[in-house]
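Residues per chain, in single letters:
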Amino acid sequence: MSEFILELKNVSRYFGSVIALKDINMQIKLGEVHCLLGDNGAGKSTLIKTLAGVHEPSEGEFLMNAEPTAFSSPRDALDAGIATVYQDLALVNLMSVTRNFFMGREITKKWGPFSVFDTEKANEIARAGLAEMGIDVRDPEHPIGTMSGGERQCLAIARAIHFGAKVLILDEPTAALGVKQSANVLKVVARARARGLAVILITHNVHHAYPVADRFTLLNRGKSLGTWLKSDVSREEILEMMAGGQELENLEAELAEFARLDESA
Ligand SMILES: Nc1ncnc2c1ncn2[C@@H]1O[C@H](COP(=O)(O)OP(=O)(O)O)[C@@H](O)[C@H]1O
Ligand SMILES: [Mg+2]
């Protein structure tokens, strides 16, 4: 067993002439929450999509348990235990909590010559799976549209854990949530960690990330500014580094604007 479940070595990803990621080195450990921070366009989504089988690296190495790995689809990554919860979640509003919990992995029972969805057993499993994550479902047959944004995030996370994910990737799980609901989602993140999963938490909100994170990686315009253990970096230092990156970006944009004005003069 390698010390790291996932590892990126000098990974770059290009989209035509756009450099979305450049020479990224990153190590992901089981039982750790690794927080990926960076402003819009920093490359956060591209990075996790590379881990989740959506994109292949243009250059560099991707290792899982120290073995070179190339997923040909998100389904491949999921089968290997890498589950991603995207912001839009892929839950179906009109379907019940239970149906959403099982989506694509329905358990069936024999009914005469037919196989039918075993609603009773499924309700029981969904309710128990959610309760383990600290989520009380009043009625698992209620449509998911009746749940709050935070509860849905929790459901999607509980589903991934229940079906055996080893690595849980969360893309901005608290971006659209209020304080109380964010806290609930972060509690579920802490539970996933306690169960020994590796969690990759993407956010541009240091305040949300800091309490649950073990390690931070800062991205700026496709490059890594570094990785720090929480014991080695304060919340203020992270904020400063992020602001520094932003200032540099503003400065470059201003200089480009000057150059353009200069040319047209
Ligand atoms: N499929 C794509 N095609 C072309 N450019 C892309 C694609 N995906 C991302 N990019 C570009 O890569 C850069 C990083 O984007 P992204 O990873 O979405 O950043 P973040 O999630 O940090 O906001 C941006 O400049 C974005 O426009
Ligand atoms: Mg993104």
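The preceding data block contains the structure.
These notes cover the structure that comes with them. Quick caveat, the model's predicted, so the values are computed rather than measured. (Residues numbered from 1 in each chain as written. Chains lettered and ligands numbered in written order. Predicted model: local features only at pLDDT ≥ 70, side-chain atom pairs only at ≥ 80, totals over all residues. Heavy atoms only, no water.)

Every residue lining ligand 1 is accounted for by Phe 15, Val 18, Ala 20, Asp 39, Asn 40, Gly 41, Ala 42, Gly 43, Lys 44, Ser 45 and Thr 46. In the environment of ligand 1, an oxygen atom lies 3.0 Å from a nitrogen or oxygen atom belonging to the backbone of Gly 43. The contact in question runs from an oxygen atom of ligand 1 to an N or O atom on the side chain of Thr 46, over 2.6 Å. Considered on its own, ligand 1 offers 570 Å² of accessible surface; in the complex 58% of this is hidden by protein. Examining the composition of the shell around ligand 1, we find that three residues originate from one element, helix 1 (residues 44–51), more than from any other. In the shell around ligand 1, the residues fall into four nonpolar, five polar and two charged. (Near = heavy atom within 4 Å. Polar contact = N/O pair within 3.5 Å; in protein donor to acceptor, adjacent residues only side chain to side chain. Areas by Shrake-Rupley, 256 points an atom, 1.4 Å probe, with all protein chains shown as cover. Helix = DSSP H or I, 4+ residues; strand = E, 2+ residues; numbered from the N terminus. Nonpolar A, V, L, I, M, F, W, Y, C, P; charged D, E, K, R; others polar.)

Turning to the nonpolar core, a few remarks are in order. Counting 34 residues, the largest nonpolar core has Phe 101, Leu 130, Ile 157, Leu 168, Leu 170 and Val 199 as the members making the most contacts within it. Sorting the residues of this core by element identifies strand 6 (82–85), helix 3 (97–102), helix 4 (119–132), helix 5 (149–162), strand 9 (167–171), helix 6 (179–194) and strand 10 (198–203) as the ones contributing at least two each. At seven residues, helix 5 tops the list of elements feeding residues into this core. With residues near it in sequence (within four places) discarded, Phe 101 still touches Ile 125, Ala 126, Gly 129, Leu 130, Leu 155, Ala 158, Arg 159, His 162 and Phe 163. (Core = buried A, V, L, I, M, F, W, Y, C linked by side-chain atoms within 4.5 Å. Buried < 20%, exposed > 50% of the residue type's maximum accessible area, 1.4 Å probe, protein only. Contact = heavy atoms within 4.5 Å.)

The terminal C-alpha atoms of helix 5 lie 20 Å apart, and with 14 residues this matches the ideal 20 Å at 1.5 Å per residue to within 8%. Burial of helix 5 is extensive: 11 of the 14 residues sit out of reach of the surface. Restricting attention to buried positions, one finds in helix 5 the residues Gly 150, Arg 152, Gln 153, Cys 154, Leu 155, Ala 156, Ile 157, Ala 158, Arg 159, Ala 160 and Ile 161. The secondary structure elements touched by the buried residues of helix 5 are strand 6, helix 3, helix 4, strand 9 and helix 6. Looking at the residues trailing helix 5, positive phi occurs at Gly 164, about 90°. (Expected span 1.5 Å × (residues − 1).)

Right, let's talk about the sheet that holds strand 4 (residues 59–64) for a bit. Spatially, the four strands line up as an open sheet ordered 2-1-4-5, and their pairing is antiparallel. This sheet does not close on itself; its edge strands, each paired only once, are strand 2 (18–28) and strand 5 (67–68). Summarising the sheet, strand 4 and strand 5 pair through two bridges and their orientation is antiparallel. The residue bridging Met 64 from the neighbouring strand is Glu 67, located in strand 5. (Pairing = 2+ DSSP bridges.)

What follows concerns a nonpolar patch on the surface. A surface patch of nonpolar side chains, amounting to about 410 Å² of accessible area, comprises Leu 251, Leu 255, Phe 258 and Leu 261. As for its position among the elements, Phe 258 is in helix 8 (residues 235–264). Judged by its relative accessible area of 54%, Phe 258 is exposed. (Patch = residues over 30% accessible without salt bridge, like charges linked within 9 Å, V, L, I, M, F, W, Y side chains within 5 Å. Salt bridge = Lys/Arg side-chain N within 4 Å of Asp/Glu carboxyl O.)

What follows is about the packing of aromatic side chains. Taken as a whole, this structure holds two aromatic pairs when the rule is applied. Between Tyr 210 and Phe 216, the ring centres sit 5.5 Å apart and the planes meet at 15°, which makes this aromatic pair stacked. Exposure class is identical for Tyr 210 and Phe 216. Each is buried. Against the face of Tyr 210 rests Lys 230, its NZ or CZ located 5.0 Å from the ring centre. (Phe/Tyr/Trp six-rings, centres within 6.5 Å; stacked < 30°, edge-to-face > 60°. Lys NZ or Arg CZ within 6 Å of the ring centre and 35° of its normal.)

Turning our eyes to something else, we now look at the side chain of Glu 7. Along the chain, Glu 7 falls in strand 1 (residues 6–15). Here Gln 27 takes part through its side chain, which lies 3.2 Å from a polar atom of the side chain of Glu 7. With sequence-adjacent residues up to four places away left out, Glu 7 is seen in contact with Met 26, Gln 27, Glu 61, Phe 62 and Leu 63.

Turning our eyes to something else, we now look at helix 1. Of all eight residues in helix 1, six are buried, a share of seventy percent or more. Every buried residue of helix 1 is listed here: Lys 44, Thr 46, Leu 47, Ile 48, Thr 50 and Leu 51.

What follows deals with the packing of helix 5 against helix 6. In the contact formed by helix 5 and helix 6, the axes pass within 8 Å of each other and the chain directions differ by 10°. The pairing of helix 5 with helix 6 is recorded here as roughly parallel in orientation. In this structure, helix 5 uses Gly 149, Gly 150, Glu 151, Gln 153, Cys 154, Ile 157 and Ile 161 to contact helix 6, whose residues at the interface are Gln 181, Asn 184, Val 185, Val 188 and Ala 192. (Axes fitted to C-alpha atoms, helices over the stretch in contact; angles between N-to-C directions. Parallel < 35°, antiparallel > 145°, perpendicular 65-115°, else oblique.)

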